[in-house]
Amino acid sequence: MSGYQPPHGAMAQAPATGAPPMSPQPMPAVGQPPAQRSPWQYRAERRASFLAQVRVEFRKLAGTISDRILLIIGPLVLIGLSVWMLSLVERMESAADQLAPAVWLLRIAAIVLHAVLIKLIAGEWQHRSAQPTLLVQPSRARYFLAQAVVVLAVWLFCAAAQIAVTFIVTPMSTAPTSGYLLDYRPGWVIGVLMLGSLSAVMAALIVSMLIPNAAGALAVYFGVVPVMAIMSGVAPEVFVWIDPLAPAVTLAGLSPVDSPAPVFTSLALWLGLFALSGWAVSRRDLA
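Small disclaimer: the values here were computed from a predicted structure and weren't measured. (Residues numbered from 1 in each chain as written. Predicted model: local features only at pLDDT ≥ 70, side-chain atom pairs only at ≥ 80, totals over all residues. Heavy atoms only, no water.)

For the rest of this paragraph, the subject is the overall build of the protein chain. Looking only at helices and strands, the protein chain features 13 helices and zero strands. The order of helices and strands in the protein chain, counted from the N terminus, is α-α-α-α-α-α-α-α-α-α-α-α-α. Residues classed as buried in the protein chain amount to 37% of the 287 residues present. Long-range contacts, defined here as pairs at least 24 residues apart, represent 77% of the contacts in the protein chain between residues at least 6 apart. When the accessible surface of the protein chain is split by element, carbon and sulfur atoms take 70% of a total near 16,500 Å². (Helix = DSSP H or I, 4+ residues; strand = E, 2+ residues; numbered from the N terminus. Buried < 20%, exposed > 50% of the residue type's maximum accessible area, 1.4 Å probe, protein only. Contact = heavy atoms within 4.5 Å. Areas by Shrake-Rupley, 256 points an atom, 1.4 Å probe, with all protein chains shown as cover.)

What follows covers the packing of helix 6 (residues 111-126) against helix 9 (residues 186-210). To characterise two packed helices, one gives the angle between the axes of the helices and the distance between these axes. Two elements in contact, helix 6 and helix 9, have axes separated by 9 Å at closest approach and are oriented at 30 degrees. One finds that helix 6 runs roughly parallel with respect to helix 9. Between helix 6 and helix 9 lies a crossing whose hand is right-handed. Seen from helix 6, the contacting residues are His114, Leu117, Ile118, Ile121 and Ala122; seen from helix 9, they are Ala200, Val201, Ala204, Leu205, Ser208 and Met209. (Axes fitted to C-alpha atoms, helices over the stretch in contact; angles between N-to-C directions. Parallel < 35°, antiparallel > 145°, perpendicular 65-115°, else oblique. Left-handed = near helix turned anticlockwise from the far one by under 90°.)

The final tally for this structure, using the stated rule, is four salt bridges. Two residues, Lys60 and Glu57, come together in a salt bridge whose shortest N-O distance is 3.2 Å. Of this pair, Lys60 and Glu57 both sit in helix 3 (residues 50-61), three residues apart, roughly one helical turn. On the accessibility criterion, Glu57 (1% relative accessible area) is buried. Among the ionic pairs, Arg107 bridges to Asp243, the shortest N-O distance being 2.6 Å. You can see Arg107 sitting in the loop between helix 5 (95-105) and helix 6 and its partner Asp243 sitting in the loop between helix 11 (236-239) and helix 12 (246-251), a full 136 residues away along the chain. Exposure remark for Asp243: the relative accessible area of 2% places this residue in the buried category. A cluster of three or more residues bridged by salt bridges with shared partners is formed by Glu57, Lys60 and Glu124. (Salt bridge = Lys/Arg side-chain N within 4 Å of Asp/Glu carboxyl O.)

Core analysis: the biggest nonpolar cluster contains 28 residues, and Leu61, Leu78, Leu117, Ile121, Val151, Val154 and Cys158 have the highest contact counts within it. Elements supplying a minimum of two residues to this core: helix 4 (65-88), helix 6, helix 7 (130-136), helix 8 (140-173) and helix 9. A total of ten residues in this core trace back to one element, the largest contributor, which is helix 8. Residue contacts for Val154: discarding those within four places in its chain leaves Leu61, Leu113 and Leu117. Within the second largest apolar cluster, 16 residues are counted, among which are Ile163, Trp188, Ala200 and Leu245. (Core = buried A, V, L, I, M, F, W, Y, C linked by side-chain atoms within 4.5 Å.)

Together, Ile65, Ile69, Ile72, Ile73 and Leu76 line one region of the surface with nonpolar side chains, adding up to about 510 Å² of accessible area. Here Ile69 lies in helix 4. Since its relative accessible area comes to 43%, Ile69 is described here as partly exposed. (Patch = residues over 30% accessible without salt bridge, like charges linked within 9 Å, V, L, I, M, F, W, Y side chains within 5 Å.)

Let's shift gears to the packing of aromatic side chains. Two aromatic rings, taken as a pair, are described by how far apart their centres are and by the angle between their planes. For the coordinates displayed, the defined rule picks out two aromatic pairs. Geometrically, the ring pair formed by Tyr143 and Phe144 is tilted, given 5.7 Å between the ring centres and 45 degrees between the ring planes. Note on Phe144: relative accessible area 26%, which makes it partly exposed. Taking the centre distance of 6.1 Å and the plane angle of 85 degrees together, the rings of Tyr221 and Phe222 count as edge-to-face. Look at Tyr221 and you get buried, because its relative accessible area is 4%. (Phe/Tyr/Trp six-rings, centres within 6.5 Å; stacked < 30°, edge-to-face > 60°.)

Moving on, we get to the environment of Pro244. Positionally, Pro244 belongs in the loop between helix 11 and helix 12. Residues Pro244 and Met202 lie 42 residues apart in sequence; the distance between their C-alpha atoms is 8.6 Å. Not counting residues up to four positions away in its chain, the partners in contact with Pro244 are Ser199, Met228, Ser266 and Trp270.

Below is the structure:
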């Protein structure tokens, strides 16, 4: 069969529909990013810094109107209640007696600021606001550490306020016959109040982590704190064994039991509850 035969490969190069031939697109090299990328894509792929996470948690602390109201009222309640209670005490003949009202105030003076922390931590799981945070950065350890910075900041503020009020008001309330004794051991006073303030805020933290509901956690906390304050006065020999402030009470020389055993029992109890609450939060479902 004789006839015209096109050159080899011409049929493959000619388009079937009459459209112009398509030039092949160059493929990007392995590991090379695409040529066109938006700035927001780079920002989304970049890992959020820990400082940015801490700033987010501080913004959450004052995220609602009720949170802002509590943050304004909390310091006023702490300072006002401390000034009022310390000014009522007249007979304080020893250094431990002069420090006793401040130690007792550690239980209730910062209750409003502790409520803000409870709303922050328990509300995260109730309203599922932890989801966007963990979607941006899935590390729960970094998330917990960022919240821990907020908790430590609140603790330092409460401790500093109570220390300042104690050193200012107690000399005015001390009986002239006994004299003011706390200025001889300021390091001891500061250590007792900082340790007690830390124990109080840790109790609030444990409640907020164990109960993933802000209203429920607040109800439990506001119910337990007055009971503990009453029990410390009604049955101190019994309550000191489970008192979260037992280390501070013993360091202040106010323990009703002449033995360090209640301190170890209390520490074992509350550290165990803290470990349990941390395990529960780490296993908690976000959905």
